[in-house]
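Summary of structural features
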Amino acid sequence: MLLFLAFGILLLAALLSLLPKMSGRSLRWTGLASSVLILCAILWSVGPVLLGWTDPRLTSWWEVSRFASLMGILVAWLYVCAMLVSLHYLHVEERKGIVSIRQMRLYMVCVPLFVLSMLAAIFADNVGILWVALESTTLSTTLLVSFYGKKSSMEAAWKYIVICSTGIALGLFGILILGYAGAQAGLQEASAFKISLLRGATGSMDQGIVMWAFVFLFIGFGTKIGLVPMHTWLPDAHSKTPSPVSAMLSGILLNVAFFTLLRFKGIVDLTLKSGAWTDQFFLVFGVLTILLPSIVLLSQRNYKRMLAYHSVEHMGIMAFLAGLGPLGMVGFTIHMIGHALSKSALFFGAGELLQRFESTKFHLVHDVLKRAPRTGLLFLAAALFLIGVPPSGLFLSEYVLVGTGLVAHPFLSAAALAGITMAGLGLMRHLFELLFHPTIPEEKQDVPVETWNLTHTVMALQLGIGLIFGLWMLSGQGWPLLSSVSADLLSL
Amino acid sequence: MTNASLFSMLMIGLFVAGTLSCFSTMRLQSLLRSYAFSSAALGGLALGLAVEESAIHLITVAGAVIVVKSFLVPSVISRMAERSHASKRLASSLRPSASWFVGGAVFAVGIYLALRSPLFVGGLEPTQMTALLPISVGVVFMGFAMMILRKDVLSQLLGFLVLENGIAAFSLSALGGIPVAIEFGVYSAVLIGAILMATLSGRVQQLFGTHDTSRLSELTD
């Protein structure tokens, strides 16, 4: 019931933002109020399920599992963080005349609809709703990619909508083939579109048809996740949106698409009575998705684009972990949480840098640690978290990748490890140039003195939570909870 | 063969003809007409199956297909193209005559792969429903090829819509349609997607002065 309340709040927030009398300030506060309400509703509704205090819930349309609850809470948390940062970010953009009231209205209509779509995709048991919700995440964010109306924004938005919509259309094709297998196995029309019922019918589903379905599902949803070679839209789109939205796109939307794919993987594994066949997809595409961006990262010229490429690389790490069985799946869950927290903090910081230095190009932003020490320090800390420096939780997930992977798949794991190392080096190389390199005459010189603002508070909060989470996991105390939560994704 | 079966077979033929025409047409208005025509045939097919299989819900599907795909989507795209003063002449990597040949070849490959796939194992009776299954896969392949071979944003948008028509045809043949609530959601998403893409294509035309996607090359590494 509270889930529907959350959906209602988001719809209401989007509708309220359409009111012509709303000023920029009231639009921003409406967005923040709705995000706080959503966090409360989601925590109240699914928090007990995540902690195992109440049983998972299943209705005819929705399924609240423990993993879905974790995803829902992450979405709601990042929504609050993004709205807090937007409060400051949009105010600055409005003051500088970069964003008009019309654009701000568009922003505040699209973001709640985007969050609504993500929540619906996470909790849907009906694959039709799931598909519509996932497609809606693309539709609701396309105008945010083209937000600034520049040539490059239009190019990014066009690639985003065409490639993602085509990918998701192929995903629909996979869903229909899976439904066809379910119908052949004796499920009625409506039942063949429910994940929980499909799971129950796997014993009599045709293995060949299900394998075909998975190929389309993997290509389709893999496009939305940003797996190489279907990733081409991601660096463009994630670097062109306003930074708080980039944080949500990179921090959580990719995970939502991944969760969807893993739910279908479970059905396929049950049908084939083994996870070995689907694991191969995740391992091979995982390595490719780690290697390609790690090479591109070495020669990157734009820091928002660099962060976007890092998201691709981290999706590769998560894909590789997803192909490593139960232990890998725990690593996947840890990585997902750690990446969501650190990547969103980095994008918030990137927004702060952009507003201060008025460029996203590395060669036009230097000496940040001296000229914007708060942002610089937080940016450095978040980057260290992202590359898995202890006590980051990502250290543990990458340790699982190396430890488990080298035993089971030594060559692929060695390639993955080389890619992860290169990507880390690429990030640190650019970061050191950004933070410590002396300024050059071509760049903006008259940067005002930096004071602590809301974005810094949110970044510090994200990093604080990331630190506690990392210590909790490294001490071993968090392992039992995340093991039982990630077991939701294992069908065998 | 009943009258309803004959009608369905005729609709399948028209659907394929309309799609092939989409693949090879080089003028925007003709392309939109071909798309509307093939979509109407798909709607007619849903109607034929509704009568034949006594599946009432397919009447709603037929109505939705015809309204959304034959009228709303083409008119939105046409209006957007006029507003942005887009060129009526479309760009492709292929000449019109070669397009017919390539379109037919891609379609044949799709059918061949579908026939060789496990989708066809199971000893299905030879009906228009089973005939539609490999055809729908062929149409999906054609839509995909169209998106790759065409060089302007409007044709790529139409390529996406052709691909989606193939998927809709597959749902009719393999599952006898999908639940109406989901169908409604899917068509709403397609309609909104088409409106958004048409809007973006208009802005691309205004900013770049062309619809040619090879000019969208500012974002590189």
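Only a predicted model underlies this, so the values are computations on that prediction, with no experimental measurement involved.

Some points on the overall build of chain A
- Across its full length, chain A carries 19 helices and 2 strands.
- In terms of C-alpha radius of gyration, chain A reaches 22 Å, essentially the compact-globule figure of 23 Å for 492 residues.
- Principal-axis analysis of the C-alpha atoms places the extent of chain A at approximately 70 × 55 × 45 Å.
- Sorting the 492 residues of chain A into buried and exposed places 66% on the buried side.
- Carbon and sulfur atoms make up 70% of the accessible area of chain A, which amounts to about 15,900 Å² in all.

Focus on the interface of chain B and chain A
- Across the contact, 47 residues belong to chain B and 48 residues belong to chain A.
- In this assembly, chain B packs against chain A so that about 4,200 Å² is buried in total across both faces, 78% of it on carbon and sulfur atoms.
- When the area that chain B buries against chain A is broken down by residue, the three leading residues are Leu-200, Leu-219 and Asp-221 of chain B, summing to 17%.
- Our count for the contact surface shared by chain B and chain A stands at 0 salt bridges.
- At the surface where chain B touches chain A, the tally comes to 2 residue pairs in polar contact (both at pLDDT 80 or more).
- For the side of chain B that touches chain A, the secondary-structure elements that each account for two or more residues are α5 (128–149), α6 (153–175) and α7 (180–208) of chain B.
- Its residues assigned to classes, the side of chain B that touches chain A shows 32 nonpolar, 12 polar and 3 charged.

Digging into the packing of helix α9 (residues 233–240) of chain A against helix α12 (residues 303–322) of chain A
Residues and elements named next belong to chain A.
- Their axes nearest at 8 Å, the elements α9 and α12 cross at an angle of 135 degrees. By the angle between their directions, the pair α9 and α12 is classed as oblique. The element α9 and its partner α12 pack so that their crossing is right-handed. In this structure, α9 uses Leu-234, Pro-235, Asp-236, His-238 and Ser-239 to contact α12, whose residues at the interface are Lys-304, Arg-305, Ala-308, Tyr-309, Ser-311 and Val-312.

Here's the deal with the UniProt feature "domain: NADH:quinone oxidoreductase/Mrp antiporter transmembrane" (unreviewed entry) in chain A
- Within this structure's numbering, the places UniProt gives as "domain: NADH:quinone oxidoreductase/Mrp antiporter transmembrane" (unreviewed entry) are residues 124–416 of chain A.
- For residues 124–416 of chain A, the end-to-end C-alpha separation is 33 Å, with 80% helix and 0% strand making up the annotated structure.

Remarks on the confidence of the model for chain A
- A residue-level look at chain A finds 100% of positions with pLDDT of 70 or above and a mean pLDDT of 94.
- Mean pLDDT in chain A bottoms out at strand β1 (residues 57–58) of chain A, which sits at 87, and peaks at helix α4 (residues 101–123) of chain A, which reaches 97.

Points about the nonpolar core
- Counting 265 residues, the largest nonpolar core has Phe-258 and Phe-332 of chain A together with Leu-161 of chain B as the members making the most contacts within it.
- Leave out the neighbours within four places in its chain, and Leu-161 of chain B touches Tyr-35, Val-73, Ile-77, Val-190 and Ala-194 of chain B.

A few points about the packing of aromatic side chains
- Counting across every chain of the model gives 26 aromatic pairs over all chains.
- Seen in terms of ring centroids, Phe-4 of chain A and Phe-7 of chain A are 6.1 Å apart; in terms of plane orientation they differ by 90 degrees. Their pairing is edge-to-face. With Phe-4 of chain A and Phe-7 of chain A both in helix α1 (residues 2–17) and 3 residues apart, this pair spans about one turn of that helix.
- What makes Phe-4 of chain A partly exposed here is its relative accessible area of 45%.
- Put simply, the rings of Phe-67, Phe-214, Phe-218, Phe-258, Phe-259, Trp-277, Phe-281, Phe-282, Phe-285 and Phe-332 of chain A pair up and form one aromatic cluster.
- Lying across the ring of Phe-208 of chain B, Lys-151 of chain A places its NZ or CZ 5.2 Å from the centre.

Focus on unusual backbone geometry
- With omega at 10 degrees, the peptide bond leading from Val-228 of chain A into Pro-229 of chain A counts as cis.
- Mapped onto the elements, Pro-229 of chain A comes out in the loop between α8 (207–225) and α9.
- Cis peptide bonds are those with omega within 30 degrees of zero, and the linkage from Pro-390 of chain A to Pro-391 of chain A qualifies with 10 degrees.
- Its place among the elements puts Pro-391 of chain A in the loop between α15 (373–386) and α16 (393–408).
- Although it is not a glycine, Glu-358 of chain A sits at a positive phi angle of roughly 55 degrees.
- Topologically, Glu-358 of chain A is positioned in the loop between α13 (325–357) and α14 (368–371).
- We note that Ser-54 of chain B has phi near 50 degrees; this positive angle belongs to a residue other than glycine.
- Relative to the helices and strands, Ser-54 of chain B resides in the loop between α2 (28–53) and α3 (57–83).
- By relative accessible area, Ser-54 of chain B is classed as exposed at 60%.

Thresholds applied
- Residues numbered from 1 in each chain as written.
- Chains lettered and ligands numbered in written order.
- Predicted model: local features only at pLDDT ≥ 70, side-chain atom pairs only at ≥ 80, totals over all residues.
- Heavy atoms only, no water.
- Helix = DSSP H or I, 4+ residues; strand = E, 2+ residues; numbered from the N terminus.
- Rg over C-alpha atoms; globule rule 2.2 N^0.38 Å.
- Buried < 20%, exposed > 50% of the residue type's maximum accessible area, 1.4 Å probe, protein only.
- Areas by Shrake-Rupley, 256 points an atom, 1.4 Å probe, with all protein chains shown as cover.
- Contact = heavy atoms within 4.5 Å.
- Buried area = accessible area lost by both parts, 1.4 Å probe.
- Salt bridge = Lys/Arg side-chain N within 4 Å of Asp/Glu carboxyl O.
- Polar contact = N/O pair within 3.5 Å; in protein donor to acceptor, adjacent residues only side chain to side chain.
- Nonpolar A, V, L, I, M, F, W, Y, C, P; charged D, E, K, R; others polar.
- Axes fitted to C-alpha atoms, helices over the stretch in contact; angles between N-to-C directions.
- Parallel < 35°, antiparallel > 145°, perpendicular 65-115°, else oblique.
- Left-handed = near helix turned anticlockwise from the far one by under 90°.
- UniProt positions renumbered as here; feature names shortened; annotations may be inferred.
- pLDDT = per-residue confidence, 0-100.
- Core = buried A, V, L, I, M, F, W, Y, C linked by side-chain atoms within 4.5 Å.
- Phe/Tyr/Trp six-rings, centres within 6.5 Å; stacked < 30°, edge-to-face > 60°.
- Lys NZ or Arg CZ within 6 Å of the ring centre and 35° of its normal.

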